[in-house]
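One letter stands for each residue in the lines below.
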Amino acid sequence: GNRLNVQLLASIPAFLLVSFGTRVFFATLFSLRSRNFVVNLSSAHDKMTERLRNMEKCLLLSDKEEMDISNDVGNSYRKNEGSISETIATLSTLQLGEFVLHMHSYLVLMDYCSPPFPNKECDSIHAGLRQLLMQGNGATCQLSIRRQIALLHLVQKNHKDLLKSL
């Protein structure tokens, strides 16, 4: 009886030591991985917000109009009644490179902060950003700048919820 009580009594400090040790280990690992990027989660969140704003600015400043889509009724009338012509603005090569660079910086910051940030929210943001880069053949798969901005606003909404979920 006495021996069992001593073993149980010895297991409590061991459990506390292991749980405290793992917390210290992961906190240290987080600080080592992110010391060049972030000081704490709120500064990381601020830097990530800045990257999202830069991405939105890239989309808003796009100036290359690449496609002209005509949606005609019955395919028999061109530029007549029943025909809607819409130009799809796209990013130039330089603008696309800058946009992808900001997106990559955002994702790197999010990945470095992913242990504290919930995986469900991070996966949702990853999916939204992947959809922003969706490219296709022809006009049916090409996302217009207007749609990309709308998708980016959804990502920004999910981004705001990151700190709330901690």
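Structure shown above.
Our subject in this report is the structure included herewith. Counting restarts for each chain: residues are numbered from 1 in the order of the written sequence. Local features are withheld for residues below a pLDDT of 70 in this predicted model, meaning they are given only at 70 or higher, and side-chain atom pairs are given and counted only at 80 or more; totals for whole chains, interfaces and linings count all residues. To get the side-chain values, take all heavy atoms of the structure and skip hydrogens and water.

1. Comments concerning the overall build of the chain
Of regular secondary structure, the chain possesses five helices and two strands. Taken from the N to the C terminus, the helices and strands of the chain come in the order α-α-β-β-α-α-α. Within the chain, buried positions represent 28% of all 166 residues. The contact definition used throughout considers only heavy atoms, calling two residues in contact when any of these lie within 4.5 Å. Relative to all contacts within the chain whose residues are 6 or more apart in sequence, the contacts with residues 24 or more apart total 70%. Accessible surface is estimated by sampling points in the Shrake-Rupley manner with a 1.4 Å probe; for residues, cover comes only from the protein chains shown. Accessible surface for the chain amounts to roughly 11,400 Å². Of this, 58% is attributable to carbon and sulfur atoms. Under the DSSP-based scheme used, a helix requires at least four consecutive residues in state H or I and a strand at least two consecutive residues in state E, with every element numbered from the N terminus. Partly exposed residues are those whose accessible area sits between 20% and 50% of the maximum for their type, while under 20% is buried and over 50% is exposed, using a 1.4 Å probe and protein chains only.

2. Description of helix H5 (residues 145–164)
Counted at 1.5 Å a residue, the expected span for H5 with its 20 residues is 28 Å, and the 29 Å between its end C-alpha atoms agrees. Burial in H5 covers these residues: Ile145, Gln148, Ile149, Leu151, Leu152, Val155, Gln156, His159 and Leu162. Seen end-on, H5 carries its buried residues on one side only, within an arc spanning 160°. In H5, the exposed positions angled more than 90 degrees off the buried face are occupied by Arg146, Arg147, Leu154, Lys157, Lys160 and Lys164. The span you would expect from a helix comes to 1.5 Å times its residue count less one. What the arc covers is the set of directions going from the helix axis to the C-beta atoms.

3. Notes on the packing of aromatic side chains
Each aromatic pair joins two rings of Phe, Tyr and Trp (for Trp, the six-membered one) with centres within 6.5 Å, and gets the label stacked for planes under 30 degrees apart, edge-to-face for over 60, and tilted for any other angle. All chains considered together, the criterion is met by one aromatic pair. Between the aromatic rings of Phe25 and Phe26, the centroid separation amounts to 5.2 Å while the plane-to-plane angle is 70°, which identifies the pairing as edge-to-face. According to the relative accessible area criterion, Phe26 is exposed, its value standing at 53%.

4. Let's talk about the nonpolar core
In this description, a nonpolar core means a group of buried Ala, Val, Leu, Ile, Met, Phe, Trp, Tyr and Cys residues linked to one another through side-chain atoms lying within 4.5 Å. Ranked by size, the top nonpolar core spans 28 residues in total, and within it Met55, Phe99, Tyr106, Leu129 and Leu132 carry the most contacts. Tallying contributions element by element places helix H2 (residues 41–60) first for this core, with seven residues. Setting aside anything within four residues of it in sequence, one finds Met55 in contact with Phe99, His102, Met103, Leu129, Leu132 and Leu152.

5. Describing the packing of helix H4 (residues 119–132) against H5
A pair of packed helices is captured by two measures, namely the crossing angle of their axes and the spacing between those axes. As a packed pair, H4 and H5 sit with axes 9 Å apart at the nearest point and diverge in direction by 165°. If you check the angle between H4 and H5, you find them roughly antiparallel. Regarding H4 and H5, the two cross each other, and that crossing is left-handed. On the side of H4, the interface is formed by Glu121, Ser124, Ile125, Gly128, Leu129, Gln131 and Leu132, while H5 contributes Gln148, Leu151, Leu152, Val155, Asn158, His159, Asp161 and Leu162. Simply put, an axis is a line fit to the C-alpha atoms, just over the touching stretch for a helix, and the angle between two N-to-C directions goes from 0 to 180 degrees. To sort the angles, those under 35 degrees are grouped as roughly parallel, those over 145 as roughly antiparallel, those from 65 to 115 as roughly perpendicular, and the leftovers as oblique. Each crossing gets its handedness from the near helix: less than a right angle anticlockwise from the far helix is left-handed, clockwise is right-handed.

6. Some thoughts on the packing of helix H3 (residues 93–112) against H4
Here H3 crosses H4 at 170°, and the two axes come no closer than 12 Å. Overall, the two elements H3 and H4 adopt an arrangement that is roughly antiparallel. Contacts between H3 and H4 involve Phe99, Met103, Tyr106, Leu107, Met110 and Asp111 on the former and, on the latter, Cys122, Ile125, His126, Leu129 and Leu132.

7. A look at H4
Taking 1.5 Å of rise per residue, 14 residues should cover 20 Å, and H4 covers 20 Å from first to last C-alpha, within 8% of that figure. Looking only at H4, the buried set comprises Cys122, Ile125, Gly128, Leu129 and Leu132. Axial view of H4: buried residues confined to an arc of 125°, hence all on one face. In H4, those exposed residues whose orientation departs by more than 90 degrees from the buried face are Asn119, Lys120, Asp123 and Arg130. Looking at the buried positions of H4, the neighbouring elements they touch are H2, H3 and H5.

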